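# Examination of the molecular architecture
Spelled out, the chains give:
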Amino acid sequence: MTNGQHHDVALVGGGVIGLSCAWRLAALGCRVRLVDPEPGGGASHVAGGMLAPLAEAWFGEEELLELGSASLRRWPEFAAELARAADAPSGLNERGTLVVGADSADREQLHEVAEHLAALGWEVNRHSGRALRKLEPSLAPNVHGGLEVPGDLSVDNRAALEALRRAALRSGVEFRAESARRVGPGCVELADGSELRCDVAVIAAGSRSGELHDGLAGAVRPVKGEILRLRRRATALPPPERTVRGPVHGRQVYLVPRPPDGLVVGATQYEAGFDTRVTVGGVRDLIGDAERLVAGLGEYELTEATAGLRPGTPDNLPLIGWLEPGVLVATGHHRNGFLHAPITAEAVAALLRDGHVPAETEPADPARSGGQL
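Residues numbered from 1 in each chain as written. Predicted model: local features only at pLDDT ≥ 70, side-chain atom pairs only at ≥ 80, totals over all residues. Heavy atoms only, no water.

## Overview of the sheet that holds strand β3 (residues 50-51)
In any sheet, the strands associate via hydrogen bonds between backbone groups, in a parallel or an antiparallel arrangement. Put simply, the rule is: Being paired, for any two strands, means DSSP has found at least two bridges between them. Each helix is a run of DSSP H or I of at least 4 residues and each strand a run of E of at least 2, with the numbering of both proceeding from the N terminus.
Ordered by their spatial adjacency, three strands build an open sheet running β3-β8-β4, and the pairing between neighbours is antiparallel. Looking at the sheet topology across the chains shown, the edges are occupied by β3 and β4 (92-93). Pairing of β3 with strand β8 (residues 153-155) involves two bridges; the strand directions are antiparallel. Bridging from a neighbouring strand, Leu 51 pairs with Leu 153 of β8.

## As for the pattern of salt bridges
A side chain of one charge can pair with a side chain of the opposite charge if their charged atoms are brought near each other. Cut-off, in case you're wondering: The term salt bridge refers to a pairing of a side-chain nitrogen on Lys or Arg with a carboxyl oxygen on Asp or Glu at a separation within 4 Å. For each residue, the accessible area found with a 1.4 Å probe, counting protein chains only, is set against the maximum for its type, and the residue is called buried under 20%, exposed over 50%, and partly exposed in between.
Summed over the entire model, instances satisfying the criterion amount to 31 salt bridges. For Arg 24, the salt bridge is made with Glu 81, and the minimal N-O distance between the two is 2.7 Å. A residue pair is termed long-range when its members are at least 10 positions apart, and Arg 24 in helix α1 (residues 16-27) and Glu 81 in helix α3 (residues 62-86) qualify at 57 residues. Since its relative accessible area comes to 23%, Arg 24 is described here as partly exposed. Here Asp 289 makes a salt bridge to Arg 251, at a shortest N to O gap of 2.8 Å. Here Asp 289, found in helix α7 (residues 280-293), pairs with Arg 251, found in strand β16 (residues 251-258); they are 38 residues apart in sequence, far enough to count as distant. One connected set of salt bridges, linked through shared partners, spans Asp 8, Arg 31, Arg 33, Glu 174, Arg 176 and Glu 178.

## Section: the environment of Leu 323
Operational definition: Only heavy atoms enter the contact rule, under which two residues are in contact if any of them lie within 4.5 Å.
Mapped onto the fold, Leu 323 is located in strand β19 (residues 319-324). Remark: the alpha-carbon pair of Leu 323 and Pro 185, spanning 138 residues in sequence, is separated by 9.5 Å. Discounting residues that sit within four places of it in the chain, Leu 323 has contacts with Ile 203, His 213, Gly 215, Leu 216, Val 329 and Pro 366.

## Some words on the domain arrangement of the chain
Counted only if it meets this: Per the annotation, domain bounds derive from an automatic or database assignment of domains. Two parts placed together each lose some accessible area under a 1.4 Å probe, and the buried area is that loss summed for both.
Here the domain parsing of the chain yields domain 1 (8-56 + 158-219 + 315-364) and domain 2 (97-150 + 222-312). Centre-to-centre separation of domain 1 and domain 2, based on C-alpha positions: 29 Å. Every contact between the two is made by 21 residues of domain 1 and, on the other side, 25 residues of domain 2. Both faces considered, domain 1 and domain 2 share a buried interface measuring about 1,900 Å² in area, 61% of it formed by carbon and sulfur atoms.

## Details of the sheet that holds strand β5 (residues 97-101)
Our working definition: Orientation is described by axes fitted as lines to C-alpha atoms, over the contacting stretch for helices, and by angles from 0 to 180 degrees between their N-to-C directions.
Here eight strands make up an open sheet; going across it, the order is β6-β7-β5-β15-β16-β17-β14-β18 and the pairing mixed. Edge positions in the sheet fall to β6 (125-128) and β18 (301-312), since each has one partner strand and no second. Here the average twist between neighbouring strands, direction ignored, is 25 degrees. Of the strand pairs in this sheet, strand β15 (residues 243-248) and β16 are connected by five bridges, and their pairing is antiparallel. Paired with Pro 247 across the two strands is Gln 252, which belongs to β16.

Next up, the structure:
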């Protein structure tokens, strides 16, 4: 972009990361061709849409927390710009998150998370079960305590994907409904054997990214997650307005509202290769765990059961940076693709412009640890 450099971009992958990068680059004047047979599909189509770095914080992942928090701060402005660019809703829900515990072991885990965040300088509000039910009356009676995290938000993933697609089209992105086989400097080899020439290729192909470049072999793997979509029936209690999540018997479950009457319940986590079949056990666990946190779900309609493949990395940090001259990567976001979309798109644009990426993305450089992930 600077001095006319890197103006022709071939971007492989049309999930939330790929669409966000394509929109930002095109808006800055790049020629962008996005290669994906089904833009807005894959794991992004299935996702719960949580924007919750604090609620998901864990020991030893401080760099991931800083990255997520920095991107979360960008989300309100990102959503407003997206809605204007697309002339469509962004899907952002700013009602916050409750992290609750049903039994003593689960509540002790939440206490540890709160202490960990406090030690890092973050503040969350601790509440009794009674106080939590004043915030969300649909919480189950056995919820005896938890945390309110007002800053952790959520987004309707499918509304956001449609807005990103519209914004990208309006900005001049050319969509190529094809599959990529390999990516190299200045070239994307398509499945039919033809080549797409460019100045810079960007790999944002989620869990399939490892198949596209030797530098990503073994660095990105698929992590299966099953997700349910529920809809309130007339006889059922209203769904919560905030995201509700928490540990149940050591398993994490979350319920993300989809106004006016929907809920997304997720998510299981398996190392199962590229298998996207939904299992009976996964559905059983999700429903049982969700009912421990929110009352009356047995009266809801089950409208969808699907599975997606999150792109995981060995250290849970994404890969954002140069693989080699002419090849950028923006992948490996695991369960945080929507959360990390604003800062990832900003970093990719900066790498093409002047190399001055946000400080919080520096630990995500694919060259970390001498290139040994």
